[in-house]
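Given next are the chains, with one letter for each unit.
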Amino acid sequence: MEKFIKLVSTAVPLPIENIDTDQIIPARFLKVTDKKGFGSNLFRDWRFDDNEELVTSFILNDPKYHGSILVAGDNFGCGSSREHAAWALVDYGFKVIVSSYFGDIFKGNALNNGLLPILVTPEFLKEMTTLIHENSSTNLCIDLENQTISIENHDLVAHFEIDPYKKICMINGFDDIDFLINNKDKIEAFEKGNK
């Protein structure tokens, strides 16, 4: 995984509530096990019409909105437990998802795949979304070490929580196996001390 310490990026506002994992990546695209290529089918049924033409009114198809951050509505990632939803978001290029509530399984899957889910209050989410709609070049600043999210050149800032273990993994670019390998000497020393 890529190291994540700080990120400054524009964002894509998608203030729709209760986006489930089937809307993120429809079930018909789950036949493969490789993480690559899922991004092309992210929000497939919203991005394309029945004739496979781009739906120009959908926010991901609007060229003025881009960036590594998706600012979603409440209850993002609800529904089934498919890890493919996190794969699709990462493969598309998102590194952060901001919402006022996440499905628990989605949140875990996101963290396991290097995608940072940031939980903010509904009021903060609404104000941030408004600012992004008013100016698509608005930069969000994510500081994982200090666990803050802020708007560049604005006084809007919030603190977010993250599991301490997952924070260490993200800052170092570790998955669970990398973390164990990195701590091999400590593990071996502990085992020798317990014999």
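Cut-offs applied
Residues numbered from 1 in each chain as written. Predicted model: local features only at pLDDT ≥ 70, side-chain atom pairs only at ≥ 80, totals over all residues. Heavy atoms only, no water. Helix = DSSP H or I, 4+ residues; strand = E, 2+ residues; numbered from the N terminus. Rg over C-alpha atoms; globule rule 2.2 N^0.38 Å. Buried < 20%, exposed > 50% of the residue type's maximum accessible area, 1.4 Å probe, protein only. Contact = heavy atoms within 4.5 Å. Areas by Shrake-Rupley, 256 points an atom, 1.4 Å probe, with all protein chains shown as cover. Lys, Arg positive; Asp, Glu negative; His and termini not counted. Charge placed at Lys NZ, Arg CZ, Asp CG, Glu CD. Phe/Tyr/Trp six-rings, centres within 6.5 Å; stacked < 30°, edge-to-face > 60°. Lys NZ or Arg CZ within 6 Å of the ring centre and 35° of its normal. Salt bridge = Lys/Arg side-chain N within 4 Å of Asp/Glu carboxyl O. Polar contact = N/O pair within 3.5 Å; in protein donor to acceptor, adjacent residues only side chain to side chain. 1 Å grid on protein atoms, 1.4 Å probe; cavity = no way out; pocket = protein on both sides within 12 Å on 5 of 7 lines; lining within 4 Å. Points joined across faces, edges and corners; volume = space filled by probe spheres on them. Nonpolar A, V, L, I, M, F, W, Y, C, P; charged D, E, K, R; others polar. Axes fitted to C-alpha atoms, helices over the stretch in contact; angles between N-to-C directions. Parallel < 35°, antiparallel > 145°, perpendicular 65-115°, else oblique. Left-handed = near helix turned anticlockwise from the far one by under 90°.

> Which residues make up the overall build of the protein chain, and what values do they have?
If you tally the helices and strands in the protein chain, you get eight helices and eight strands. For 195 residues, the compact-globule estimate of 2.2 N^0.38 gives 16 Å, and the C-alpha radius of gyration of the protein chain, at 18 Å, lies within 12% of that figure. Expressed as lengths along the three principal axes of its C-alpha atoms, the size of the protein chain is roughly 65 × 45 × 25 Å. Per-residue burial for the protein chain yields a buried fraction of 46% across its 195 residues. Residue pairs at least 24 apart in sequence account for 65% of intrachain contacts in the protein chain once pairs closer than 6 positions are excluded. For the protein chain, the accessible area works out to roughly 10,500 Å², and carbon and sulfur atoms hold 51% of it. Across the protein chain, the centroid of the 19 positively charged side chains sits 7 Å from that of the 30 negatively charged ones.

> Which residues make up the packing of aromatic side chains, and what values do they have?
Here the distance between the centres and the angle between the planes together describe a pair of aromatic rings. Across all of its chains, the model carries eight aromatic pairs by this definition. Both rings, one in Phe43 and one in Trp46, keep their centres 5.5 Å apart while their planes meet at 5 degrees; by these two values the pair is stacked. Connected via pairs of aromatic rings, a cluster forms that spans Phe43, Trp46 and Phe58. Over the ring of Phe48 we find Arg44, and its NZ or CZ is 4.1 Å from the ring centre.

> Let's hear about the environment of Lys35: which residues, and what values?
On the secondary structure map, Lys35 appears in the loop between helix H1 (21–24) and helix H2 (44–47). Each C-alpha atom, one on Lys35 and one on Ala88, is 7.7 Å from the other, the two residues being 53 residues apart in sequence.

> An account of the pattern of salt bridges is requested, with residue identities and associated values reported.
This model, assessed by the stated rule, comprises four salt bridges. For the salt bridge of Asp22 with Arg82, the shortest nitrogen-to-oxygen distance reads 2.9 Å. Residue Asp22 is found in helix H1, and its partner Arg82 is found in the loop between strand S3 (69–72) and helix H3 (84–92); the two are separated by 60 residues along the sequence. When its relative accessible area of 16% is taken as the criterion, Arg82 is described as buried.

> A description of the side chain of Ser9 should follow, citing residues and the corresponding values.
By the secondary structure assignment, Ser9 is in strand S1 (residues 6–9). A distance of 2.9 Å separates a polar side-chain atom of Ser9 from the backbone nitrogen of Ser68. Other than its neighbours up to four places away in sequence, Ser9 contacts Gly67, Ser68, Ile69, Thr138, Asn139 and Leu140.

> Give a detailed account of H3, specifying residues and quantitative values.
The complete set of buried residues in H3 reads His84, Ala85, Ala86, Trp87, Ala88 and Leu89. Each element contacted by the buried residues of H3 is listed here: H1, S3, strand S4 (96–99) and helix H4 (104–112). Immediately downstream of H3, the backbone of Gly93 shows phi near 125 degrees, a positive value.

> Help me get a handle on the layout of surface pockets, residues and values and all.
Considering only enclosed or pocket space, the largest pocket measures out at about 400 Å³ in volume. In terms of lining, the largest pocket is formed by 19 residues, of which the most central are Met1, Glu2, Val90, Asn113 and Gly114. Elements supplying a minimum of two residues to the lining of the largest pocket: S1 and H3. Residue classes in the lining of the largest pocket are distributed as nine nonpolar, three polar and seven charged. Of the pockets and cavities examined, the second largest pocket occupies roughly 180 Å³. Taken together, Pro15, Glu17, Ala72, Gly73, Asp74, Ser100, Pro122, Leu125, Lys126, Thr129 and His133 make up the lining of the second largest pocket. With five residues, helix H5 (residues 122–134) is the single largest residue contributor to the lining of the second largest pocket. Here the residues of the lining of the second largest pocket are counted per class, giving four nonpolar, four polar and three charged.

> Give me the packing of H3 against H4: which residues, what numbers.
Relative to each other, H3 and H4 sit at 45 degrees, their axes nearing to 8 Å. As judged from the angle between their axes, H3 and H4 are oblique. For H3 against H4, the interelement crossing comes out right-handed. Contacts between H3 and H4 involve Ala85, Ala86 and Leu89 from the first element and Phe106, Asn109 and Ala110 from the second.

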